[in-house]
Amino acid sequence: MIVIFDWDGTLCDSIDHIVEAMQDAAREAGLTVPEPASVREIVGLGLPQAIAQLFPELDTDGTSKLAASYSKFYVASDQGPAPLYPGAMETLHNLHDLGLELAVATGKSRRGLNRVLAGLGLERFFHSTRCADETQSKPHPQMLNEIMAERDKASDEVVMVGDTEFDLAMATNAGVVSVGVSYGVHAVERLHNHAPVAVIDALPELLSLPVIQRQSA
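Here is what the cut-offs are and how they apply
- Residues numbered from 1 in each chain as written.
- Predicted model: local features only at pLDDT ≥ 70, side-chain atom pairs only at ≥ 80, totals over all residues.
- Heavy atoms only, no water.
- Helix = DSSP H or I, 4+ residues; strand = E, 2+ residues; numbered from the N terminus.
- Rg over C-alpha atoms; globule rule 2.2 N^0.38 Å.
- Buried < 20%, exposed > 50% of the residue type's maximum accessible area, 1.4 Å probe, protein only.
- 1 Å grid on protein atoms, 1.4 Å probe; cavity = no way out; pocket = protein on both sides within 12 Å on 5 of 7 lines; lining within 4 Å.
- Points joined across faces, edges and corners; volume = space filled by probe spheres on them.
- Nonpolar A, V, L, I, M, F, W, Y, C, P; charged D, E, K, R; others polar.
- Salt bridge = Lys/Arg side-chain N within 4 Å of Asp/Glu carboxyl O.

*Asks:* Tell me what's going on with the overall build of the chain, and back it up with residues and numbers.
*Replies:* On a plain count of helices and strands, the chain comes out with 10 helices and 6 strands. On C-alpha atoms alone, the chain measures out to a radius of gyration of 17 Å, which is about the 17 Å that the 2.2 N^0.38 rule sets for 217 residues. Dimensions of the chain, computed from the C-alpha atoms along their principal axes, are close to 55 × 35 × 30 Å. Per-residue burial for the chain yields a buried fraction of 51% across its 217 residues.

*Asks:* Quick one: what's the story with the layout of surface pockets, residue by residue and with numbers?
*Replies:* Rolling a probe over the atoms, with the probe sized like a water molecule, indicates the empty space that remains. By volume, the largest pocket amounts to about 440 Å³. L47, Y70, G107, K108 and S109 are, among the 24 residues lining the largest pocket, the residues nearest its centre. Of the residues in the lining of the largest pocket, the class split is 12 nonpolar, 7 polar and 5 charged.

*Asks:* Which residues make up the pattern of salt bridges, and what values do they have?
*Replies:* Considering all chains together, one arrives at 13 salt bridges under this definition. K72 is the partner of E28 in a salt bridge, and the nearest nitrogen-oxygen pair spans 2.6 Å. Taken together, the residues span a long stretch of sequence, with E28 in helix α1 (residues 15-29) and K72 in helix α4 (residues 60-76) at a distance of 44 residues. A relative accessible area of 42% places K72 in the partly exposed class. Via salt bridges that share partners, D6, K138 and D167 belong to a single interconnected network.

As structure tokens, this is what we get:
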């Protein structure tokens, strides 16, 4: 079995960092600075898709320039990797000890994910990772399909864990089970619209779910 995690808002407490970088990029470009709630709505999408949703008036060139500005501000304000949520590291190690494979499917860029994994010393911890700039953005199922193919897993051997509708819709589109987390960017009611097997309030609760216990037995 493989447990696939979203990164921002699920494992990593980086939402405020994302909001501030997007607001700074908009300000530099002379655009209307989006409210924090608006930026939170697009967390999880690939950066071009996120910018297109926030700033539909931009053409392709404008989107590319704003993406570069966002990345500049994000990296410039990065005084070290954003912390993982409480219990996240413990949960990852416990899942690993149970013999389960672990993966990441994220809206981050490959460069961004590699940077944060290196900062946390987790470069070799995950069996597979996929980023939005190397495949289709969520909620398209390609990230999950590629991970399943790479790790030789059938859809009934996969659990996707995420905090947004994009994560859970991606799981549905790939035909895999999902688990929502309540502390991320999308409300619990929205997560339930995508029929997760559970919505948990803290990552250690994942270990007690039947879908995990059954596969690790």
